[in-house]
Amino acid sequence: MTGLWVGVVVAALGCYLLKLAGVALPAAVLDHPVVRRVAGLLPVAMLAALVVVELLDDGGRYGADWRTLAGMAAAVVALLLRQGVLVVFVAAVAVTALLRLLT
């Protein structure tokens with residue numbers, strides 16, 4: 001078995017055990033404020049990690065160049081200005097596309 005398949009099997013087993021824990025654990029454990037906070041933030045953290053891995057993957061098809069990073073910086077600025085998701089997305093795409101057009 002290659003390292004990739006070992007990783008896939010370990011990830012699948014971990015996901016299954018996590019789902020099983022959600023069903024098997026008593027309600028008192030699941031209603032704890034720390035568990036609720038972590039459960040609420042976990043999807044956001046995982047999505048952010050996926051975005052960072054895809055942006056900074058040098059060997060991949062979408063390696064991080066300065067134009068992509070500038071688009072992400074524009075998205076961060078839009079987020080800091082409390083803009084909506086659509087505005088954040090359009091700002092990131094527009095800055096990246098404009099910089100790619102100009103260079």
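Analysis parameters
Residues numbered from 1 in each chain as written. Predicted model: local features only at pLDDT ≥ 70, side-chain atom pairs only at ≥ 80, totals over all residues. Heavy atoms only, no water. Helix = DSSP H or I, 4+ residues; strand = E, 2+ residues; numbered from the N terminus. Rg over C-alpha atoms; globule rule 2.2 N^0.38 Å. Contact = heavy atoms within 4.5 Å. Areas by Shrake-Rupley, 256 points an atom, 1.4 Å probe, with all protein chains shown as cover. Lys, Arg positive; Asp, Glu negative; His and termini not counted. Charge placed at Lys NZ, Arg CZ, Asp CG, Glu CD. Axes fitted to C-alpha atoms, helices over the stretch in contact; angles between N-to-C directions. Parallel < 35°, antiparallel > 145°, perpendicular 65-115°, else oblique. Left-handed = near helix turned anticlockwise from the far one by under 90°. Nonpolar A, V, L, I, M, F, W, Y, C, P; charged D, E, K, R; others polar. Expected span 1.5 Å × (residues − 1). Buried < 20%, exposed > 50% of the residue type's maximum accessible area, 1.4 Å probe, protein only. Arc of directions from axis to C-beta. Salt bridge = Lys/Arg side-chain N within 4 Å of Asp/Glu carboxyl O. Patch = residues over 30% accessible without salt bridge, like charges linked within 9 Å, V, L, I, M, F, W, Y side chains within 5 Å.

A. Expanded view of the overall build of the chain. On a plain count of helices and strands, the chain comes out with 5 helices and 0 strands. For the chain, the sequential pattern of α-helices and β-strands runs α-α-α-α-α. Against the compact-globule benchmark of 13 Å for 103 residues, the chain has a radius of gyration of 19 Å, which places it well outside the compact range. When its C-alpha atoms are laid out on the principal axes, the chain stretches across 55 × 40 × 15 Å. Counted over contacts in the chain with a minimum sequence separation of 6, partners at least 24 positions apart contribute 37%. Accessible area of the chain: about 8,300 Å², with a carbon and sulfur share of 77%. On the chain, the mean spot of the 7 positive side-chain charges and the mean spot of the 5 negative ones are 9 Å from each other.

B. Representation of unusual backbone geometry in the model. Phi angles above zero are rare outside glycine, and Arg 82 is one such case at about 60 degrees. Along the chain, the position of Arg 82 falls in the loop between helix H4 (66–80) and helix H5 (85–102).

C. Geometry of the packing of H4 against H5. Interhelical geometry of H4 versus H5 gives an angle of 150 degrees and a closest axis separation of 8 Å. On the basis of the axis angle, H4 is roughly antiparallel to H5. Crossing angle aside, the handedness with which H4 passes H5 is right-handed. Residues Trp 66, Arg 67, Thr 68, Ala 70, Gly 71, Ala 74, Ala 75, Ala 78 and Leu 79 of H4 form the contact with H5, whose participating residues are Val 88, Ala 91, Ala 92, Val 95, Thr 96, Leu 99 and Arg 100. The residue makeup of the contact of H4 with H5, split by class, is 11 nonpolar, 3 polar and 2 charged.

D. Representation of H4 within the structure. With 15 residues, H4 extends 21 Å from end C-alpha to end C-alpha; this agrees with the ideal 21 Å at 1.5 Å per step. For H4, the set of buried residues is Thr 68, Gly 71, Ala 74, Ala 75 and Ala 78. The buried residues of H4 occupy an angular sector of 115 degrees when the element is viewed end-on, so they sit on one face. Buried positions along H4 lie against helix H3 (33–55) and H5. Looking one or two residues beyond H4, the residue adopting positive phi is Arg 82, at roughly 60 degrees.

E. Region of the structure containing the pattern of salt bridges. Taken as a whole, this structure holds 1 salt bridge when the rule is applied. One salt bridge in this structure joins Arg 36 and Asp 31, with 3.1 Å as the shortest N-O distance. Residue Arg 36 is classed as exposed on the basis of its relative accessible area of 53%.

F. Local environment of a nonpolar patch on the surface. Taken together, the side chains of Leu 13, Tyr 16, Leu 17 and Leu 20 present a nonpolar region at the surface, about 410 Å² in accessible area. The topology assignment puts Leu 20 in helix H1 (residues 3–24).

Honestly, it's all geometry; don't read function into it.
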